[in-house]
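Fold and geometry: a report
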Amino acid sequence: MKGLLKKGISLMLGLTMVVALFTATSFESEAKAKKASAKKNIVVVLDAGHDTTHLGCHYENFEEGIANLYIAYYCKQELEKYAGVTVYMTRYTLECPYGADPNSATKCLAARVNCAKNAKADVLISLHNDYDPDLDKSQNGSKVIIPNPNYRPQLCVQGSQLGQSILTQLVGTGLTVNNWKLCPNGTGIVTRDSTSGKYPDGSVKDYYALINQSKSAGIPCIIVEHAFCTNESDRLNHLSTPEQYQQLGIADATGIANYYGLKLKQ
Ligand SMILES: [Zn+2]
């Protein structure tokens, strides 16, 4: 009797283990399948920096808010030639869609991050062009500002790899790698820290609101500074015609597609 009971118990234990194992395996494969299907489609939110209320840099006949919008549209158009990607923009017109109050720059930036959150973005890519405030005309070329390694270090890693992929394409259009004088590391991949802001873990925040608010939302965000309008060669050869903006937009899209391993639609 005792032996039979023991046998019964061990059989039941064995069965429970098999069931537990089976359940664990099916949960695991379900999770894997979910992960695979989630990976099937990448959501990219492109942010054309500035607008007619929150002006960017301007020099000679160059107006940054207009140039950034051109580049964003061309980038979206090119990226949509690939399968497995959905592209949104934080603005589609020259005007600010988030309230045309010149003192609302902070609110406007928060709204752009919210746009990415609502779209369930895998990444927020802000497209800009640069200006040297001292009119130092030797400053030229492209750089990408990425999240610093604090608080959510994985976002820094992703930003760095995506940024490098885009930078490689931009250099392919004839632009140089900018050695930013605020952060002269020679790579064109830079971080910039806030002087006072902290993340919840006490580490130093990223300087740019778009990057630090995206980081708080768990979204990698990078700022692509394509070229310098204060540099004559950059302005004339890369920032003067729609064709040149198209070339930059295609370079961005190709860099994004390469990073995510996207394939052109059949
Ligand atoms: Zn800008």
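Read on for a plain summary of the structure. (Residues numbered from 1 in each chain as written. Predicted model: local features only at pLDDT ≥ 70, side-chain atom pairs only at ≥ 80, totals over all residues. Heavy atoms only, no water.)

Moving on, we get to the coordination of the zinc ion. Around the zinc ion, the protein contributes the donor atoms His-50 (NE2), Glu-64 (OE), Glu-64 (OE) and His-128 (ND1), at 2.1 to 2.8 Å from the metal centre. In this structure, the zinc ion is surrounded by four donor atoms whose angles at the metal cover 49 to 136°, and the resulting shape is irregular. If you list the donors of the zinc ion from N- to C-terminus, the spacing comes out as H-x13-E-x63-H. With a gap of 14 residues between them, His-50 in the loop between strand 1 (42-48) and strand 2 (58-59) and Glu-64 in helix 2 (residues 64-79) connect regions that are remote in the sequence. The class for His-50 is partly exposed, based on a relative accessible area of 22%. For Glu-64, a relative accessible area of 2% translates into the label buried. (Donors = N, O, S within 2.8 Å, 3.2 Å for Na, K, Ca; no water. Tetrahedral: all angles 85-135°; square planar, octahedral: opposite > 155°, others 65-115°. Helix = DSSP H or I, 4+ residues; strand = E, 2+ residues; numbered from the N terminus. Buried < 20%, exposed > 50% of the residue type's maximum accessible area, 1.4 Å probe, protein only.)

The residue Tyr-98 is located in the loop between strand 4 (85-89) and helix 3 (105-118) in this model. Through-space distance from the C-alpha of Tyr-98 to that of Leu-109 is 9.0 Å; in sequence the pair is eleven residues apart. Excluding residues that lie within four positions of it along the chain, Tyr-98 makes contacts with Thr-90, Cys-108, Ala-111, Arg-112 and Cys-115. Here the side chain of Tyr-98 touches Thr-90 through a polar contact of 2.6 Å, landing on its backbone oxygen. (Contact = heavy atoms within 4.5 Å. Polar contact = N/O pair within 3.5 Å; in protein donor to acceptor, adjacent residues only side chain to side chain.)

The next thing to look at is unusual backbone geometry. In terms of backbone geometry, most residues other than glycine have negative phi values and most peptide bonds are trans. If you check the backbone angles, Glu-60 has positive phi at about 50° while not being a glycine. Relative to the helices and strands, Glu-60 resides in the loop between strand 2 and strand 3 (62-63). For Glu-60, a relative accessible area of 61% corresponds to the exposed category. Its identity is not glycine, yet Lys-120 carries a phi of approximately 55°, on the positive side. Relative to the assigned elements, Lys-120 resides in the loop between helix 3 and strand 5 (123-130).

Roughly 570 Å³ of volume is contained in the largest pocket. Looking at the largest pocket, it is lined by 32 residues, and the ones nearest its centre are His-50, Glu-64, His-128, Tyr-208 and Glu-225. Sorting the residues of the lining of the largest pocket by element identifies helix 3, strand 5, helix 5 (209-216) and strand 10 (221-228) as the ones contributing at least two each. (1 Å grid on protein atoms, 1.4 Å probe; cavity = no way out; pocket = protein on both sides within 12 Å on 5 of 7 lines; lining within 4 Å. Points joined across faces, edges and corners; volume = space filled by probe spheres on them.)

Looking now at helix 5. Since the α-helix packs 3.6 residues into each turn, any two residues three or four apart lie on the same face. Within helix 5, the full set of buried residues consists of Leu-210, Ile-211, Asn-212, Ser-214 and Lys-215. One or two positions beyond helix 5, positive phi appears at Gly-218, with a value near 80°.

To continue, consider the packing of helix 2 against helix 7 (residues 242-260). Direction vectors running N to C along helix 2 and helix 7 enclose 50°, while the axes themselves pass 7 Å from each other. The orientation of helix 2 with respect to helix 7, classified from their angle, is oblique. Our pair here, helix 2 against helix 7, has a crossing hand that is right-handed. Here Ala-67, Tyr-70, Ile-71, Tyr-74, Cys-75, Gln-77, Glu-78 and Leu-79 of helix 2 come into contact with helix 7, specifically with Pro-242, Tyr-245, Gln-246, Leu-248, Gly-249, Ile-250, Asp-252, Ala-253, Ile-256 and Ala-257. Split into classes, the residues belonging to the contact of helix 2 with helix 7 amount to 13 nonpolar, three polar and two charged. (Axes fitted to C-alpha atoms, helices over the stretch in contact; angles between N-to-C directions. Parallel < 35°, antiparallel > 145°, perpendicular 65-115°, else oblique. Left-handed = near helix turned anticlockwise from the far one by under 90°. Nonpolar A, V, L, I, M, F, W, Y, C, P; charged D, E, K, R; others polar.)

Turning our eyes to something else, we now look at the sheet that holds strand 6 (residues 143-145). Taken in spatial order, the six strands of this open sheet run 4-1-5-10-6-7, and their pairing is mixed. On the outer flanks of this sheet lie strand 4 and strand 7 (189-190), each paired with one strand and no other. Bridging between strand 6 and strand 10 involves three bridges; their strand directions are antiparallel. Counterpart to Lys-143 in the pairing with strand 10 is Glu-225. (Pairing = 2+ DSSP bridges.)

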